[in-house]
Structure formats: structure tokens, C-alpha cells
Amino acid sequence: MTSLNGSPQNPWGEFHGPNIGYIMEMYDLYLEDPGSVDPALKELFDKWGPPFVDGTAEERKIEAAEGNWEKILLASKYADYIRSFGHLAGNINPLETEKKQADLLDEGKFQLTEADLRAMPASVISANLPGRFSNALEAVRYLKRIYSGKITYEFDHIQRAEEKDWLYGMVESGRFHPELTPEKKKAVYQRLTEVEAFEQFLHRTFVGQKRFSIEGVDTLIPLLDEIISESVKGGTKNINIGMAHRGRLNVLAHVLGKPYEMIFAEFSHAPNKELVPSEGSIGITFGWTGDVKYHLGLDRRLMENQTVRARITLANNPSHLEYVNPVVCGYTRAAQEDRTMPGYPKQDVQRSFSILIHGDAAFPGQGVVAETLNLSRLRGYQTGGTIHIIANNMIGFTTESEDSRSTLYASDLAKGFDIPVVHVNADDPEAVIAAARLAVLYRQTFKKDFLIDLIGYRRYGHNEMDEPMATNPLMYRTIHNHPTVRELYGKKLMEEGILTPETADRYYKEVEKKLKTAYDRVPKPREEKIDLDPPKCVENGIPEVDTTVPKEELVKLNEELLEWPQGFQVFQKLERILKRRSGALKENKIDWAHAEALAFATILKEGIPIRLTGQDSERGTFAQRHLVLHDVNSGKTFSPLHYIAGGKASFAIHNSPLSEVSVLGFEYGYNVYAPETLVLWEAQFGDFANSAQVIIDQFISSGRAKWGQKSGLVMLLPHGYEGQGPEHSSARLERYLSLAAENNWTVANMTKSSQYFHILRRQAKILLKEEVRPLVIMAPKSLLRHPLAMSGLEDLSEGKFHPVLPQPGLGTEPEKVRRLILCSGKIAIDLAEKLEEIEDKSWFHILRVEELYPFPMKEIARFLEQYPNVKEMVWVQEEPKNMGAWNFVEPRLNVLAKDGVDVVYVGRRRRSSTAEGDPLAHKMEQTRILQEAFTK
């Protein structure tokens, strides 16, 4: 249509009479559906807007409207109404053939007519319109189309005007939604072919086996492709993905590049370790007990011109669905930070980011989601924005949406955290790609979270052995008749002349051939013994490491830790307390927090970074730590550990939100991704860790056995019975011991500050060794400042961590010892105090078991050999008999006990609650336990 080439200023000037009427009719059609008009006309409308005949049309409309400000105000409100509620009329559900609430956006609701709107300028409606619109009616039709199409938006809840204006501007200008080239469209179709063919091949080949198919939200793969591609273009070097099992195999195969052969081998129960690609672009770790195929993770390095461009990690995830969320955020924070210099780590949020893929039932249903969202903008945990995707199949197992949430959308929780939400029809790949681009642009611009609600369906049951027609017959009658997204998009591209049926058929056959070839390469199952034993390095335990520090160095560090900038005024009472530490080294009065500070300082001097977080960890729950000081006049903060001479690594300490599960998951993820870092999480009280039990059970204690995922995380869990009631006494020591096996972690309950000093240094020194494992410490409360728990300078500068400590002053006449008392933690100090009341101490000895797991069998056996006349081994604890360490130590003590030696329990009776609530009742029970321990 060469006649359309008008002047650069006004191409419509060449049209007159009926021709301009025809062009206006075409423009009305264009506003409803841009694809319905001739491509040449569409190109002109895109560039020049509506067919104005002269340049004064807009001015005339403004003049005509100025006399009716009430109508203009109503029109403006109408436009805002479309922006706010357009999503309710959107075409975002693939299973619905008609829009819901189609009349929601009628102008009559605002006492406006089409004539009213036609008489107003388009600028009344929006300043962001692409091209020129001749009047407000055309602008309104455009707004309706973009806000209630197959992609809809919820931005009204965003609090910052700058962000909201940017979001509306992006949507209304269409800047994030460029037209895809024919090549790009064909590439998307090919990707959908890979996705569908893979699932159908699994369905035919492994009949009845669980795979948790992606089908119904197939466009999740192009969505991830686009997010990753656009982010890498923007300089991102590291992408971490967390997701549950729905669609996981497809993500592993097509986003992470896990070879088809490996996946098929897992279905066939065949050996697959030899199928790992030799070029090293895929990173896979293996545990010795393993996990099911749809829980496994993977690393992939994207390569271009033989150079590493980016690393993609899919985190291992148990069936606890959303609990991987904080773990992945921890990965990302670790990947963003440079820990090689003193001070807080230097963070670059563009280096790495997280993609979290949620289920529509799990997102509002599991509290860890809200806890993780709350981390997103906190100083110690923010990662510059996570892109969230709800893979929304509108059902949870057999439960439909109206029974699984109290909100309209699965995504509504996110609105409380100021997160923009986009809903997109999973059957429209181009809308899905547009959503991906908007998410990446927003994160890059505002460093905040963004959520894409990808609304699709689930083609089969919860797993492929379920029959969904039994519980969801109406939904599945619709699904059985619904074409796949590949079929729908293929038809669209054929109508556009981009794809032919022959080409589509060829694509599918090529993928099928590739799948069949891969399947044929899978080794046959071998009848051989499966090795379920841990590696020798794990079985052998922690190697001997030197944790001593020269006295001169400790003295110098002690002085540095008591220096702060000139003019920095510490709270006077606190200053006096801290300054006492200057003489504590000489006076053998190094308390728990003092020993900790010295341990941290020595670790930093050795180039090992430290990260410590928890509720009130900067000061310490019990006002013991004070590693972050506050100026009483300015409120500024200062940490001496950032300025020690010779410091070679960063020290990060952060007060956490009032949360356990998300914070502990975050720290575990940080530690896994930054294994050279000593990462510590501190519970305010030890029993608060109950709230993080899934992270403890499914990740920390078992991650290496299941996935080969190493961790050196330290958990500090305040524990001890001091009359503070059932919620502030027990850290549930028994739970950690019940999970203890295969040297999966160390569980310690110590009584000397020097023991804490050495165990921290030992943990730091094994971080990069194969023998590394987590460390669970029953941290003290009343012992933090107890004189009997204090140590001297030589205790720190010499020796090492001792799994068993004998009570000083006892056992000097070995042949007289009849009773060997064993205990752990605070009760040992109570026993030591009680000793002052006892005249005859020759008939018993006390051993403090400082390391409960691995249980120090050899060390205790050596002590037993020294006392040949022992008749009783008495385990003393303050916890109830069904709690604490008794059930764990009893069988071990029975193995150690020689013939004629009784193993006896002294402690509280079995209880359903951990501790008494009344301080007097506590004192009475504690007195009885101590009395019984020393009664013949």
C-alpha cells in the first residue's frame, strides 16, 4: 500500500472523504484487536496513532471539554477504575471460554456515554499512550484491552508513587511488550514442542510412574528461558531457582540441561552416575541414601565462546514444597557478596538473583512463604528482588481453590509486601514472555520482588497414578477436551503464515527421535549390591586440627576489641562492663561472650569470613555479646571486629526478624553456597527452633545423605533449666540426638568458655574439608557469666576441644570410686556448686560429656579403666526422662558398663511438658536431682 506513505509529519493527510472513514473504521478494529487489520495499517497505527486529518483536532477537543470539568473528572476516575479492576474482567483462565464480569468496565457505571468520551481528548485518560489517539473513547478502549486481556495487572497496592507510575507507564506504553519476530515465535514453538514431547514420552514409556507433569503450565519453560536470558543480558552471573516437584523434571531437562539419559535412568532404576556430561557444564552431587528424582537439584553453567557466562542452580527440595524458598534466597545473598575484606561483605545485587516457583495451593497455605517475603527488604537478608512465579493449576492435590484459600487469587498474600502482581494466561506464550520482561525490568530498576501468576491447569491428577475424575469431574471434563498450548500456539502461527503443518510435524519428530536415542543409551538395571554407606571421610569423623592461638596474639586482639573511634560514646554502664575484659585474661575470668569474641577475631585473622544472625544477636538475647556498639549521642554503630589488625575476611552480624524457619533456611542456603564461611544462627531461646523443624529435619540433618549437599552451619540454641517455664528451658536436645547418625552433625552441650572457643575454631578450620558437618550447640544462659564456666588465657592458647571433661579435684583415689556420674551442660555446674556441701567426695567422680554426638565412647571407656571398682554409672540430667539425652545415652552406657556395673538414671520423671511453670516447683525438683546424685 504505497499510497499510505504520507508525510513524516502527518501520514493521514493523503486520505479524504470515504477513504478517511474507512481508515477510522480500521482503527476502531485495531483498538479491539491489533492483529485483525492489514499489517501495513497496523504498522502505521502503531507508529502514528489515530488518523487525525490535521494538527488541531486535539486542541479542539481540549477546548470542547474544558466547559465540563465534572465529566473530565469522571473520565479520569473511569480510567483509574479500569487500571484497578481490569484484572477482574481479564481472559486469564485457559479453561474459561468467556470473560468473567464482562460488563465490569462499562462507562455507564460512571454516568458517561461514548459521546461524552469521544468529545474529550485522549490525554484525559493517560499520558502514556503509544502513538496518538483521537479522543478519550479510543484511549478507554485501548486501556480496556490491555488491562483485561490475557495478561492483567494488580499495582494499586504499591505504596511508592514512583514505582506505581513506572508500572502503569510500562503497561500503557507497551514498552516491555515488543512485537516478537517470526524467528522468536518459531523458537518459542520449538521450546513448547520439546516440553510437550518430553512429557508425553515419559507418559508412554514409564506407565504409571510418578513424574508430576508440567502439562497445563507448559509455558513455564519459555517463561524461565526469557527471565534468564534477559537477566544475563543485564549482567547477571548467577541465577538460583527453587521449586517443588510439579514440572521439576521438565525444568531440569530444558532449563538446567540435565541429560535425558540421566532422567530416564532414574525412571528405569538404572545406574546413571556415568551419564554426567564430561565437559563439566553440569554439576551434580550424590548422597549415599539418595532421594526421589523429582526432588533433585542441579547446577548448570551457561557457555558462550568457551567462556562461562552464567551459573544456574536448581536447589534440591524435599516434599515440604515451599520450605526451599529461604534456602534459595540464602544461596543468592551468598553469591552476591564479596567476603574477602574486613567489615560487612560488599553486596552487588545484580550479580545474582532468585526465581521461586510456587504452587497455587501452597503459596497462601504455607507460612514459610510469608516469612520469606518478609525477608525481601531487610538489611541482613535482602537480595535485590526475587522473581516469584505461581505455577497455578487451580487445584491442590484434589482440593479446589475455593476450599484452599480465603482470597480471590492465590497471589494475594504478596500484595501485603508491596509486590507487583501480574496474572497471565498460560495458554498465551507471547503474553507470558511479556510478563517475564516486565518482571526483569522491574527488578533491575527497583531492586524488589515481583510476582507472576501463571494461570493454567493440571492435565493429569496430582500424580500420574491418580484419577482426578473421581473428585474433580467438571474441571477434568473441560481439561480432557482442551487442546495443549503447543497445539494452540501452532495454530496461531500457521494463521500468521509463520509456521506450516509440515514444519510443526518435523519439529515434533526431531524431538521424539532425540528422546528415543537417549532412552536407548540408558544402561540396563544391574543386579548388584547398592552401597548405602557414607563415604569413609564421613565415617572417620572430624580430623585433628590445631585450634591453639599464641598468648601474645590473644592479648593484642583483646586490646583491639576494646577500642572504638575517637568521640564514639558507648553507653556508660556497658563501657564499664566491657572494659573489665582488659584484665579478664590475667584473672582467668574469660566468660562465654568474651571467649566467643576472641574466637571470632582469630578466625577472621585467618581469612575465614563469619556471618552470625538471630533475634537480637548483635547485643545477645542475654545482653552478653555486644559485638555491635551504639553511640549514645548519634545512634551510629560500630563493630570492633571490622577493624582488627590483620583481618582478612568479612564479619556480618544481623538482628533477624521474629522468625525461625525462614531465617534458619536462609542461613543454611548461605552456608551451602559459601562453604568457606562460618555461618551461625542463634535462636533467642533454643526451643524456638521448633518453628524451624522442617529445615532441621529435611535439610540440615539429612541433606548430605540425600543429595551430597555439605554444610558447616552452626546452630546456637540456648538451653538450661532455670525456672523460666516450659518455653524458655529446653532446646529439645533429644530431637537433635534422635536425628543423629552417620556423623551427620556434632551435638555439643559445654560447660567452659574455652571449650566454646576451641569448638568454634575447630568448626571454622574444617569448613572446606570433606569431613565438614553442621554443629548444634546447646548454648548457655545462666552459665554465660558463671564463675565456674569461665576460663583462663592458657585454656584458650593451649589445648583443644575435649569431648569429655572430668570434674577438677575428684577421682584422686581411683580405688575408692564406686559411682561414676555422667552429665552434660548446665547440670554439671549445678553439681559442681553442690560439691561444696559434701564432705566425703572420694566415693564418686563426675564426667562432663561435652560432646553428645558423636558420643565419646572411647574417652569414657578410658576413664572407666582408671576406676576399677565402679559399681554404678549414673546419668544425671535436668530434663524429663523422656527428653534430654537419656534415651540416647542409655544404650551406649550399657555397652560401656562392665559386668556388675549398673546404669542408673537421675533426673525428672517422664513429662508431657518440658519444664515446671512455677519457680518454686523448679527449685524443689532441681534440689531433689542434685541430692539424689550424691546419695549412696
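Residues numbered from 1 in each chain as written. Predicted model: local features only at pLDDT ≥ 70, side-chain atom pairs only at ≥ 80, totals over all residues. Heavy atoms only, no water.

Concerning the environment of Glu560
- You can see Glu560 is positioned in helix α20 (residues 551-560).
- Owing to a relative accessible area of 12%, Glu560 belongs among the buried residues under this scheme.
- Through-space distance from the C-alpha of Glu560 to that of Ala645 is 7.9 Å; in sequence the pair is 85 residues apart.
- The contacts of Glu560, once residues within four sequence positions are left out, are Pro640, Tyr643, Ile644 and Ala645. (Helix = DSSP H or I, 4+ residues; strand = E, 2+ residues; numbered from the N terminus. Buried < 20%, exposed > 50% of the residue type's maximum accessible area, 1.4 Å probe, protein only. Contact = heavy atoms within 4.5 Å.)

Topic: the pattern of salt bridges
- A full pass over the atoms with the stated rule returns 58 salt bridges.
- Salt-bridge contacts for Glu215 lead to Arg211; the nearest nitrogen and oxygen are separated by 2.8 Å. Like Arg211, Glu215 is buried.
- Glu544 is paired through a salt bridge with Lys800; the nearest N and O atoms lie 3.6 Å apart. You can see Glu544 sitting in the loop between α19 (536-539) and α20 and its partner Lys800 sitting in the loop between α29 (793-797) and β22 (804-806), a full 256 residues away along the chain.
- Judged by relative accessible area, Lys800 falls into the partly exposed class, the value being 36%.
- Connected via shared salt-bridge partners are Lys42, Glu179, Lys185, Glu430, Lys492 and Glu496. (Salt bridge = Lys/Arg side-chain N within 4 Å of Asp/Glu carboxyl O.)

Considerations on the confidence of the model for the protein
- Per-residue confidence for the protein gives a mean pLDDT of 89, with 92% of residues at or over 70.
- Low confidence marks residues 1-8, where pLDDT is under 50. Its contacts with residues over four positions away, or in another chain, come to 11 contacts. (pLDDT = per-residue confidence, 0-100.)

Remarks on helix α6 (residues 136-147)
- Given a rise of 1.5 Å per residue, 12 residues ought to cover 16 Å, and the 16 Å separating the end C-alpha atoms of α6 matches this to within 8%.
- Burial in α6 covers these residues: Ala136, Leu137, Glu138, Ala139, Val140, Tyr142, Leu143, Ile146 and Tyr147. (Expected span 1.5 Å × (residues − 1).)

A few points about the pairing of strand β27 (residues 902-908)
- Across the 7 residues that make up β27, a large majority, 5, are buried.
- Pairing of strand β26 (residues 872-880) with β27, which is carried by 6 bridges, proceeds in the parallel orientation. Within β27, the position partnered with Trp875 by the bridge is Tyr905.
- A crossover links β26 with its parallel partner β27, the connecting element being helix α32 (residues 886-896), and its sense is right-handed. (Pairing = 2+ DSSP bridges. Right-handed = clockwise from strand over helix to strand, strands pointing away.)

Re the pairing of strand β17 (residues 651-655)
- For β17, the buried fraction is high: 4 of the 5 residues fall into the buried class.
- By the bridge criterion, 5 bridges tie strand β14 (residues 610-614) to β17 in an arrangement that is parallel. Paired with Leu612 across the bridge in β17 is Ile653.

Describing unusual backbone geometry
- For the peptide bond that leads from Tyr853 to Pro854, omega is -5°, which places it in the cis range.
- The topology assignment puts Pro854 in the loop between β25 (851-853) and α31 (857-866).
- At Asn588, a position not held by glycine, the phi torsion is positive, near 55°.
- Mapped onto the elements, Asn588 comes out in the loop between α22 (581-584) and α23 (592-605).

Some points on the packing of aromatic side chains
- Counted according to the given criterion, the structure contains 38 aromatic pairs.
- Their ring planes at 45° and their centres at 5.3 Å tell us that Phe133 and Tyr142 sit as a pair that is tilted.
- Between the aromatic rings of Phe206 and Tyr519, the centroid separation amounts to 5.9 Å while the plane-to-plane angle is 75°, which identifies the pairing as edge-to-face. Of this pair, Phe206 sits in the loop between α8 (182-205) and α9 (220-233) while Tyr519 sits in helix α18 (residues 501-520); the two residues are 313 residues apart in sequence, bridging distant segments of the chain.
- Overall, the relative accessible area of 6% leaves Phe206 in the buried class.
- Here Tyr519 falls in the partly exposed class, since its relative accessible area comes to 29%.
- Put simply, the rings of Phe198, Phe201, Phe206, Tyr260, Phe264, Phe267 and Tyr519 touch in pairs and so form one group of aromatic residues.
- Positioned above the aromatic ring of Tyr168, the side-chain terminus of Arg83 is 6.0 Å from the ring centre.
- Positioned above the aromatic ring of Tyr381 is the side chain of Arg611, whose terminal nitrogen or guanidinium carbon lies 5.5 Å from the ring centre. (Phe/Tyr/Trp six-rings, centres within 6.5 Å; stacked < 30°, edge-to-face > 60°. Lys NZ or Arg CZ within 6 Å of the ring centre and 35° of its normal.)

Remarks on the UniProt feature "domain: Transketolase-like pyrimidine-binding" (unreviewed entry) in the protein
- As recorded in UniProt, the feature "domain: Transketolase-like pyrimidine-binding" (unreviewed entry) lies at residues 590-786.
- Here residues 590-786 runs as 30% helix and 14% strand, with 10 Å between its end C-alpha atoms. (UniProt positions renumbered as here; feature names shortened; annotations may be inferred.)

Quick look at the environment of Leu627
- With respect to the helices, strands and loops of the structure, Leu627 is situated in the loop between β14 and β15 (629-630).
- For Leu627, a relative accessible area of 6% corresponds to the buried category.
- Separated by 216 residues in the primary sequence, Leu627 and Ser411 have C-alpha atoms spaced 40 Å apart.
- When sequence neighbours within four positions are dropped, the list of residues in contact with Leu627 reads Glu596, Ala597, Phe600, Glu618, Phe638, Ser639, Pro640, Leu641, Phe651 and Ile653.

A few points about the sheet that holds β26
- Across the sheet, 5 strands lie side by side as β22-β24-β23-β26-β27; this open sheet has mixed pairing. Strands at the two margins of the open sheet, each flanked by one partner only, are β22 and β27. Taken over all neighbouring pairs, the strand axes of this sheet differ in orientation by 25° on average, direction set aside.
- Here α32 sits on the sheet and contacts β23 (819-823), β26 and β27; the angle it forms with β26, its principal contact strand, is near 175°. (Axes fitted to C-alpha atoms, helices over the stretch in contact; angles between N-to-C directions.)

Observations concerning the nonpolar core
- Of all hydrophobic cores here, the largest spans 106 residues; its most connected members are Leu220, Phe264 and Ile355.
- Counting residues in hydrophobic clusters, the runner-up holds 72 residues, among them Trp707, Leu820, Ala885 and Ala897. (Core = buried A, V, L, I, M, F, W, Y, C linked by side-chain atoms within 4.5 Å.)

With respect to empty space enclosed by the protein
- All told, the structure shown has 7 cavities of 30 Å³ or more when counted by the stated rule.
- Taken as a whole, the largest cavity holds about 110 Å³ of empty space.
- Lining the largest cavity are 13 residues, with Leu561, Arg581, His626, Leu627 and Pro640 sitting closest to its centre.
- Classifying every residue of the lining of the largest cavity by side-chain character gives 8 nonpolar, 3 polar and 2 charged.
- By volume, the second largest cavity is sized at about 90 Å³.
- Around the second largest cavity, the lining is made up of 13 residues, and of these Trp592, Gln624, Arg625, Glu682 and Leu784 lie nearest the centre.
- Counting residues per element, the lining of the second largest cavity draws most heavily on α23, at 3 residues.
- Looking at the lining of the second largest cavity residue by residue, the class counts come to 9 nonpolar, 1 polar and 3 charged. (1 Å grid on protein atoms, 1.4 Å probe; cavity = no way out; pocket = protein on both sides within 12 Å on 5 of 7 lines; lining within 4 Å. Points joined across faces, edges and corners; volume = space filled by probe spheres on them. Nonpolar A, V, L, I, M, F, W, Y, C, P; charged D, E, K, R; others polar.)

Quick notes on the packing of helix α14 (residues 367-375) against helix α24 (residues 661-673)
- For the pair α14 and α24, the least separation of the axes is 8 Å and the interaxial angle reads 65°. When the axes of α14 and α24 are compared, the pair comes out roughly perpendicular. The interaxial crossing formed by α14 with α24 has right-handed handedness. Mapping the contact onto sequence places Val368, Glu371, Thr372 and Leu375 in α14 and Val661, Ser662, Val663 and Phe666 in α24.
- For the contact of α14 with α24, the residue count by class is 5 nonpolar, 2 polar and 1 charged. (Parallel < 35°, antiparallel > 145°, perpendicular 65-115°, else oblique. Left-handed = near helix turned anticlockwise from the far one by under 90°.)

Quick look at the domain arrangement of the protein
- Here the protein is partitioned into domain 1 (14-48), domain 2 (68-173), domain 3 (182-339 + 348-521), domain 4 (551-798) and domain 5 (804-933).
- The distance between the C-alpha centroids of domain 2 and domain 5 comes to 75 Å. (Domains from an automatic or database assignment.)

Considering the side chain of Thr613
- Locating Thr613 in the fold gives a position in strand β14.
- Judged by relative accessible area, Thr613 falls into the buried class, the value being 0%.
- One polar contact links Thr613 to Glu667, side chain to side chain, over a distance of 2.8 Å.
- Residues contacting Thr613, with those up to four places away along its chain left out, are Tyr381, His654, Val663, Glu667, Leu680, Trp681 and Glu682. (Polar contact = N/O pair within 3.5 Å; in protein donor to acceptor, adjacent residues only side chain to side chain.)

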